[in-house]
Amino acid sequence: MSSIINNDILSPISSKRTRKEKLFKICGLSAIIFALSMLIILFITIFSKGYSAFYQTRIKLDINFNEELIDPTGAREITTLNTADYSKLISHSLFKFLNIDKSHPKASEIKSLISYNSFLTLRDRVLNDPLIIGKTVKISLIASDDVDQMIKGKINLNISQENRKISDFQVEAINKLKSNGDILTVFNKTLFTKSDSREPEVSGVLGAIIGSFYCLFVAVCISVPIGVFAAIFLQEFAKKNKITDFIEININNLAAVPSIVFGLLGLSVFINFFGLPRSSPIVGGLVLALMSLPTIVIVTRASLLAVPDTIRDGAIALGASKTQAIFNQVLPLATPGICTGVIIALARALGETAPLLMIGMIAFIPDTPVAITDPATALPAQIFMWADHPERAFIERTSAAILILLSFLIVMNAAAIYIRNKFEKKW
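Each chain carries its own residue numbering, running from 1 in the direction its sequence is written. Only residues with pLDDT of at least 70 get local features here, since the model is predicted, and only at 80 or more are side-chain atom pairs given and counted; chain-wide, interface and lining totals rely on the full set of residues. By convention in this description, side-chain values take in all heavy atoms of the structure and omit both hydrogens and water.

Observations concerning the overall build of the protein chain
Link 1 in the chain: For the protein chain, the count of helices and strands is 18 helices and 3 strands.
Link 2 in the chain: Here the protein chain has a C-alpha radius of gyration of 31 Å; the compact-globule value for 427 residues is 22 Å, and the former is much larger.
Link 3 in the chain: Of all 427 residues assigned to the protein chain, the portion counted as buried reaches 40%.
Link 4 in the chain: Taking contacts inside the protein chain between residues at least 6 apart in sequence as the whole, the part at least 24 apart equals 76%.
Link 5 in the chain: For every accessible area listed, the method is Shrake-Rupley and the probe measures 1.4 Å; residues are considered covered only by the protein chains on display. With an accessible surface of roughly 23300 Å², the protein chain has 63% of that area assigned to carbon and sulfur atoms.
Link 6 in the chain: Computing the positive centroid from 42 side-chain charges and the negative centroid from 34, the protein chain places the two 10 Å apart. Helical segments are the DSSP runs of H or I of at least four residues, strand segments are the runs of E of at least two, and each set is numbered from the N terminus. Our radius of gyration looks at C-alpha atoms and nothing else; its globule reference is 2.2 Å times the residue count to the power 0.38. Exposure is judged per residue with a 1.4 Å probe applied to protein chains only, and the accessible area is read against the type maximum: over 50% gives exposed, under 20% gives buried, and values in between give partly exposed. Whether two residues are in contact is decided by their heavy atoms: any pair within 4.5 Å suffices. This count recognises Lys and Arg as positive and Asp and Glu as negative, with His and chain-terminal groups excluded. To locate a charge, take NZ of a lysine, CZ of an arginine, CG of an aspartate or CD of a glutamate.

Encoded structure:
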């Protein structure tokens, strides 16, 4: 009888608990599905806007390297060849193909079909091979950003020409070039071999990638040794007292400090006080090192703490000193966890923009940095600058740069996961 009563009492409670467990599982699964959906939407949006930046439009032209325009004296002096007006060679080739001359009312529109910087391609060709002067050679030149966007279908040709960036006459010229087989769509190697430019069709991320590499190099050289040794001292050697407690609390607090605060610190200390060059990777690396230090210290301490005390006691029992036990036994076993934490900390530093803005790494830098003291930008700062440009081609490159940055971050996080799973020991 009592068993029946107990079952009658417990059955509603058990049923209610089961419903709550099912509801909790549904909520958890819904949260995961929602997060994955947002992530997929984000990737699809970025990819749909940026994938077209990985190929570009080129126009093949029969360029007549007219000696009268390039080197009228025939002396072949470097100064003369370097200062010749190579833009006229491009204009003459376009005019000849379209059967017009420079007096045509639409002549200026035709000139803008080719990228403004294309004259540099002809100049370099002449400087590398002066024997080309006097010959006619078919050369592939980068099309302007408007032509490139039209070929990619990003410009609506059904609206009036007053409301688009390319005229009907230019459209006719492009179609004529296309029918002649002189419009090419090729892989955009310029995106990876050039630095920033005012012209979107010739801008690239090489300078930003090298700047980011230099910043991470400086950050690794400073934050990893200091962070690891500080963690070893605090975890293994320092006595537990109010001073060490104060230090530990502040390390945990620094890990949660907004990154822009570190940028302000770098601006006031490294640039204003020590006089280090502004917009340089050495300052960016120092700021990222300070930002990564708390994370590295916390992760290193956690990795050391995960090593059982029996390892320490066994080494000491066999005659090793405490220092020998830590560095010869404990530290090697904690290394996989430390490496994982360092990679994750640096991956976070790679994607930071705010501290780099404060130290001036958003300046227009058309050259590739050679040393850590040269003016440079970083990949997140480059994305920030390109996103501010109104041209559609820069929006395309912004998304492409985000994809490149995400690729680096995915590789770094995948390396951290691999190291953890490959070398981590279970106790």
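As for the nonpolar core
Link 1 in the chain: Throughout, nonpolar core names a set of buried Ala, Val, Leu, Ile, Met, Phe, Trp, Tyr and Cys residues whose side chains join them through atoms within 4.5 Å. Ranked by size, the top nonpolar core spans 51 residues in total, and within it Val205, Val283, Ile359 and Met361 carry the most contacts.
Link 2 in the chain: Of all the secondary-structure elements, those providing two or more residues to this core are α10 (206-237), α12 (259-273), α13 (281-306), α15 (322-350), α17 (379-387) and α18 (392-423).
Link 3 in the chain: With residues up to four places along the chain from it excluded, the contact list for Ile359 reads Gly263, Gly266, Leu267, Ile271, Arg278, Ser279, Val283, Gly284 and Val287.
Link 4 in the chain: Core analysis: the next-biggest nonpolar cluster, separate from the first, contains 35 residues, Ile90, Phe95, Ile110 and Ile114 among them.

Re the pairing of strand β1 (residues 55-64)
Link 1 in the chain: Here, any two strands with at least 2 DSSP bridges between them count as paired. As judged from the 5 bridges shared by β1 and strand β3 (residues 183-187), these two strands associate in the antiparallel manner. By the bridge assignment for β3, Arg58 is matched with Leu184.
Link 2 in the chain: Where β1 lies against strand β2 (residues 136-142), 7 bridges are found, and the strand directions are antiparallel. Along β2, the bridge assignment pairs Ile63 with Val137.

Observations concerning the packing of aromatic side chains
Link 1 in the chain: Geometry of aromatic contacts follows a simple scheme: Phe, Tyr and Trp rings, the Trp one being its six-membered ring, pair when their centres are within 6.5 Å, and the pair is stacked under 30 degrees between planes, edge-to-face over 60, tilted otherwise. What the rule picks out here adds up to 8 aromatic pairs.
Link 2 in the chain: Ring geometry for Trp386 and Phe394: centres 6.2 Å apart, planes at 40°, overall tilted. Considered together, Trp386 and Phe394 belong to a single accessibility category, that of buried residues.
Link 3 in the chain: Through successive ring pairs, a cluster of aromatic residues spans Phe54, Phe187 and Phe192.
Link 4 in the chain: Should the NZ of a Lys or the CZ of an Arg lie within 6 Å of a ring centre and within 35 degrees of the ring normal, that charge is described as sitting over the ring. The ring centre of Phe97 lies 5.4 Å from the NZ or CZ of Lys176, which sits over that ring.

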